[in-house]
Amino acid sequence: MFSTHESLRHQAHRPWPVPAGPWVMQQTWASLLFAHWPISLETLRPLIPEALAIDTYDGQAWLGIVPFYMAHVKPRFAPSVPGLSFFAELNVRTYVSYRGKPGVWFFSLEAANPIAVAIARKGFHLPYFNASMRCHTLPSAGGTDNATVRYYSQRTHSGAAPARFEAVYGPTGPVYYAAPGSHEHWLTERYALYSQNAQGQLFRGDIHHQSWPLQQARAEIAVNTMAEASGLVLPPQAPLVHYAERIAVVVWPLQPLGA
């Protein structure tokens, strides 16, 4: 698997070049589940700034719930710090574009790290919430690479709507890389996030990582009120799920978007 610096040497897969300025943060995302449900444009539109176009695939918008584990989270040139650089995270997201640049819009992000929550809310204008979380990865009893992840999150943020997620998930097949134009490529290969501050100013934050090492997945979701906490209702069908074992990520500072 590529490290942060190795990943930066591989950029041909990106839809646009990395920013000219220096990146400021690195992190590793591990034991990650992409769980996606179709959702109507009419439901999403009132919840997303008008300047952002809601992306669709074959005319369909999608909502993602993504649990994973954050590791080696640290500013550039700083060491990882036990207790601060390693924690579980869970986000609820959809897909948007601004002037042709696709990215992610977050409805919520849970993290088991109050310091990270405070920094992300203030510095990145993202709707982070404190939560009590557990993420345990158990090796396969059959000696294969198909480990099992047991995941739990209970929002504890003062004054926030309650939200809870419990699931058992893991990979069921070998690693593959999504073909450009495919549905899984559209869902996962995004290199920017969009956010908005309290004054209504929009921002884009660029990120970089190697192409996602996806695997087909299984997921048994016992409790999931994450969408409802953001005023959304998931359809009754089972989600489309993919797994990724690990990926190294670098992050650039937010840039304000023009009028």
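Predicted, not measured: the structure shown is a model, and the values here were computed from it.

What counts and what doesn't
Residues numbered from 1 in each chain as written. Predicted model: local features only at pLDDT ≥ 70, side-chain atom pairs only at ≥ 80, totals over all residues. Heavy atoms only, no water. Salt bridge = Lys/Arg side-chain N within 4 Å of Asp/Glu carboxyl O. Buried < 20%, exposed > 50% of the residue type's maximum accessible area, 1.4 Å probe, protein only. Helix = DSSP H or I, 4+ residues; strand = E, 2+ residues; numbered from the N terminus. Lys, Arg positive; Asp, Glu negative; His and termini not counted. Polar contact = N/O pair within 3.5 Å; in protein donor to acceptor, adjacent residues only side chain to side chain. Contact = heavy atoms within 4.5 Å. Patch = residues over 30% accessible without salt bridge, like charges linked within 9 Å, V, L, I, M, F, W, Y side chains within 5 Å. Areas by Shrake-Rupley, 256 points an atom, 1.4 Å probe, with all protein chains shown as cover. Phe/Tyr/Trp six-rings, centres within 6.5 Å; stacked < 30°, edge-to-face > 60°. Lys NZ or Arg CZ within 6 Å of the ring centre and 35° of its normal.

**Things to note about the pattern of salt bridges**
Under the counting rule described, the total for this entry stands at five salt bridges. For the salt bridge of R164 with E166, the shortest nitrogen-to-oxygen distance reads 2.2 Å. Overall, R164 belongs to the partly exposed group, its relative accessible area being 32%. Across the salt bridge formed by R204 and D206, the nearest N and O atoms sit 3.8 Å from each other. Here D206 falls in the buried class, since its relative accessible area comes to 7%.

**What about the side chain of R93?**
Secondary-structure assignment places R93 in strand 4 (residues 87-98). E89 provides the closest opposite charge to the buried, unpaired R93, separated from it by 8.5 Å. At 3.0 Å, the side chain of R93 forms a polar contact with the side chain of Y95. Excluding residues that lie within four positions of it along the chain, R93 makes contacts with F34, W62, L63, G64, V66, V104, W105, F106, F107 and L187.

**Quick notes on the environment of G64**
Mapped onto the elements of the fold, G64 is located in strand 3 (residues 61-75). Classification of G64 as buried rests on a relative accessible area of 0%. Along the backbone, G64 and F107 are 43 residues apart, and their C-alpha atoms lie at a distance of 10.0 Å. Once residues lying within four places of it in the same chain are set aside, the contact partners of G64 are A35, H36, N91, V92 and R93.

**Structural notes on a nonpolar patch on the surface**
Residues V81, L84, I115 and I119 make up a contiguous nonpolar surface patch of about 330 Å² in total accessible area. Locating I115 in the fold gives a position in helix 3 (residues 114-123). Taking relative accessible area as the criterion, I115 reaches 47% and is therefore assigned partly exposed.

**Digging into the packing of aromatic side chains**
What the rule picks out here adds up to eight aromatic pairs. Ring geometry for Y95 against W186: centres 5.5 Å apart, planes inclined by 65 degrees, an arrangement best described as edge-to-face. Pair noted here: Y95 is in strand 4 and W186 is in helix 4 (residues 183-188), with a separation of 91 residues, a long-range link. What makes Y95 buried here is its relative accessible area of 0%. Between R155 and the ring centre of F129, over which it is positioned, the NZ or CZ distance is 4.0 Å. Over the aromatic face of W186 sits the side chain of R190, whose NZ or CZ is 4.8 Å from the ring centroid.

All quantities given are derived from atomic positions and should not be read as evidence of function.
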